[in-house]
Amino acid sequence: MSDHVVLHVKGRVLVGPEDVRDELWVVDGRITYDRPAGADDVRTVRGWALPGLVDAHCHVGLDQHGPVDAATSEKQALADRDAGTLLIRDAGSPSDTRWIDDRDDLPKIIRAGRHIARTRRYIRNYAHEIEPDELVAYVGQEARRGDGWVKLVGDWIDRGAGDLTACWPRAEVEAAIAEAHRLGARVTAHCFAEDSLRDLVEAGIDCIEHATGLTEDTIPLFAERGVAIVPTLVNIATFPKLAAGGDERFPRWSAHMRRLHERRYDTVRSAYDAGIPVFVGTDAGGSLAHGLVAAEVAELVKAGIPPVEALAATTWAARAWLGRPALDEGAPADLVVYDDDPRADVRALAGPRRVVVNGRVIA
């Protein structure tokens, strides 16, 4: 024991929303609640401790033009880490970021492979752009490449229609989701509009990103099937600017985007009230900066989700949903320490006092 620094976290350790303990210890990078015997070199950190935050919709290795180099990917991961995000579900990236797994100072990443989109129906250089008869094969490919998730583009602007429309026929979606599940992967989809949601949920999808098109007709279906949503409200805030850019060429699309934006908070609150699982995601890595997790939690509270539930959506509940430990005995010591109780005011998340990755005080 004398060869290792032992970390002692004292104050209020939020093992769960109601499970609050006075201290934890970190020995050899892992959490224990038993005081270690014979520790000669102990570093003490005081404050309110949470599990490392989760950004369940993030893109490391991607910017607005497409894939980025390793140095840029590293900067993105560092920005997330320093904001307290220590677990990322990478919701689609064309870059190979497996090298991050060998770094013990960067967030842990759960990858969804590369986006799968219809031909010329998504942002250039982001996705595999294919036709419906290829969907099952590509879903199988990305299920094997990813970490248990596959990402579809469920809708996008159809220039012929001048508005958002669904990208995939029902039969192909059913077959593709069945193939992902056969291979042990869950499936999520980018969806802004209303039209694609029923087919995707009835086909067995596990999650919907953005979900701005939820209505009183589809909310009960999501709740019944247990389909989660990741609203990415910090991204939805950009809809008015996007709409303004399309007023001349695509007025129907622009008006639609404005309507989706205007009702965004009501949509999220209605989903939460119906019992739909809601998780925190920022959509960082396209046009948005990394490190916005605290802002997204604050947006969920603004939408009407109780603060403790919004906090759970980036901590305990999110980690359980993704199958990763929180502040459990023996778990990797990924945690964030704050000066104030984030359950009382989630704005505390914007100012981490200490960030601990694999037992090391990093920031």
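Here is a short report on the structure shown in this document. Since the model is a prediction, treat every value here as computed from it, not as a measurement.

### Regarding helix 1 (residues 70–82)
Here is step 1 of the chain: Between its first and last C-alpha atoms helix 1 spans 18 Å; for 13 residues at 1.5 Å apiece the expected length is 18 Å, and the two agree.
Here is step 2 of the chain: For helix 1, the full list of buried residues reads S73, Q76, A77, D80 and R81. The buried residues of helix 1 occupy an angular sector of 135° when the element is viewed end-on, so they sit on one face.

### Structural notes on the nonpolar core
Here is step 1 of the chain: In this structure, L135, I205, I208, F222 and L300 are the most contacted members of the largest nonpolar core, which totals 77 residues.
Here is step 2 of the chain: With residues near it in sequence (within four places) discarded, I205 still touches I177, V187, T188, A189, L200 and V227.
Here is step 3 of the chain: Listed in part, the 15 residues of the second largest apolar core include V15, L24, I31 and A49.

### Some points on the pairing of strand 14 (residues 163–166)
Here is step 1 of the chain: Summarising the sheet, strand 13 (residues 155–158) and strand 14 pair through four bridges and their orientation is antiparallel. Directly across from I157, in strand 14, lies its bridge partner L164.
Here is step 2 of the chain: Connecting the antiparallel pair strand 13 and strand 14 is a turn made up of four residues, with G162 showing a positive phi of about 75°.

### Structural notes on the pattern of salt bridges
Here is step 1 of the chain: Going through the model one piece at a time under the given rule, you end up with 27 salt bridges.
Here is step 2 of the chain: A salt bridge links D163 to R252; the shortest N-O distance between them is 3.9 Å. Of this pair, D163 sits in strand 14 while R252 sits in helix 8 (residues 251–262), and the two are 89 residues apart along the sequence.
Here is step 3 of the chain: Residue D163 is classed as buried on the basis of its relative accessible area, which comes to 9%.
Here is step 4 of the chain: According to the relative accessible area criterion, R252 is exposed, its value standing at 53%.
Here is step 5 of the chain: The closest approach of N and O atoms between R343 and D341, which form a salt bridge, is 3.0 Å.
Here is step 6 of the chain: In this structure D341 comes out as buried when scored by relative accessible area, which is 17%.
Here is step 7 of the chain: Among the charged side chains, a network of salt bridges with common partners joins R170, E174, R198, D199 and E202.

### Here we look at helix 7 (residues 239–246)
Here is step 1 of the chain: Along helix 7, the residues that are buried comprise F239, A243 and G246. What you see down the axis of helix 7 is that its buried residues fit within an arc of 65°, all on one side. Exposed and oriented more than 90 degrees from the buried face of helix 7 are K241 and G245.
Here is step 2 of the chain: Packing partners of the buried residues in helix 7 comprise helix 6 (233–236) and helix 8.

### Regarding the packing of helix 2 (residues 135–145) against helix 3 (residues 170–182)
Here is step 1 of the chain: Axis separation between helix 2 and helix 3 bottoms out at 9 Å; the angle between their running directions is 25°. Judged by the angle between their axes, helix 2 and helix 3 are roughly parallel. Of the two elements, helix 2 crosses helix 3, and the hand of that crossing is right-handed. Taking contact as the criterion, the partners of L135, V136, V139, G140 and R144 in helix 2 are, on helix 3, E172, V173, A175, A176, E179, A180 and R182.
Here is step 2 of the chain: When grouped by side-chain class, the residues that make up the contact of helix 2 with helix 3 number seven nonpolar, one polar and four charged.

### A word on the packing of helix 7 against helix 8
Here is step 1 of the chain: Contact pair helix 7 / helix 8: the axes reach a minimum separation of 8 Å and the direction vectors enclose 165°. Between helix 7 and helix 8, the interaxial angle falls into the category roughly antiparallel. Every pair of crossing elements has a handedness; the one defined by helix 7 and helix 8 is left-handed. For the pair helix 7 and helix 8, contact is made by F239, P240, L242, A243, A244 and G246 and by P251, W253, S254, M257, R258, L260 and H261, respectively.

### Thoughts on the packing of aromatic side chains
Here is step 1 of the chain: With the rule as written, the count across this model stands at six aromatic pairs.
Here is step 2 of the chain: Members of the aromatic cluster, joined through ring pairs, are Y122, Y126, W156, F192 and F239.
Here is step 3 of the chain: Geometry around Y33 places R21 over its ring, the cationic atom sitting 4.4 Å from the centre.
Here is step 4 of the chain: Over the ring of W168 we find R118, and its NZ or CZ is 5.9 Å from the ring centre.

### Observations regarding a positive patch on the surface
Here is step 1 of the chain: A surface patch of like charges, here positive, comprises R120, R124, R159 and R249.
Here is step 2 of the chain: Its location among the elements puts R159 in the loop between strand 13 and strand 14.

### So, the sheet that holds strand 8 (residues 85–90)
Here is step 1 of the chain: Ordered by their spatial adjacency, three strands build an open sheet running 5-8-9, and the pairing between neighbours is parallel. The sheet is open, and its two edges are formed by strand 5 (53–58) and strand 9 (108–111), each paired on a single side. Strand-to-strand twist of the sheet, defined as the mean angle between neighbouring strand axes without regard to direction, takes the value 20°.
Here is step 2 of the chain: Inspection of the sheet shows strand 8 paired to strand 9 by four bridges, in the parallel sense. Bridge pairing in strand 9 places R89 opposite I110.

Cut-offs and rules
- Residues numbered from 1 in each chain as written.
- Predicted model: local features only at pLDDT ≥ 70, side-chain atom pairs only at ≥ 80, totals over all residues.
- Heavy atoms only, no water.
- Helix = DSSP H or I, 4+ residues; strand = E, 2+ residues; numbered from the N terminus.
- Expected span 1.5 Å × (residues − 1).
- Buried < 20%, exposed > 50% of the residue type's maximum accessible area, 1.4 Å probe, protein only.
- Arc of directions from axis to C-beta.
- Core = buried A, V, L, I, M, F, W, Y, C linked by side-chain atoms within 4.5 Å.
- Contact = heavy atoms within 4.5 Å.
- Pairing = 2+ DSSP bridges.
- Salt bridge = Lys/Arg side-chain N within 4 Å of Asp/Glu carboxyl O.
- Axes fitted to C-alpha atoms, helices over the stretch in contact; angles between N-to-C directions.
- Parallel < 35°, antiparallel > 145°, perpendicular 65-115°, else oblique.
- Left-handed = near helix turned anticlockwise from the far one by under 90°.
- Nonpolar A, V, L, I, M, F, W, Y, C, P; charged D, E, K, R; others polar.
- Phe/Tyr/Trp six-rings, centres within 6.5 Å; stacked < 30°, edge-to-face > 60°.
- Lys NZ or Arg CZ within 6 Å of the ring centre and 35° of its normal.
- Patch = residues over 30% accessible without salt bridge, like charges linked within 9 Å, V, L, I, M, F, W, Y side chains within 5 Å.
- Areas by Shrake-Rupley, 256 points an atom, 1.4 Å probe, with all protein chains shown as cover.
- Lys, Arg positive; Asp, Glu negative; His and termini not counted.
- Charge placed at Lys NZ, Arg CZ, Asp CG, Glu CD.

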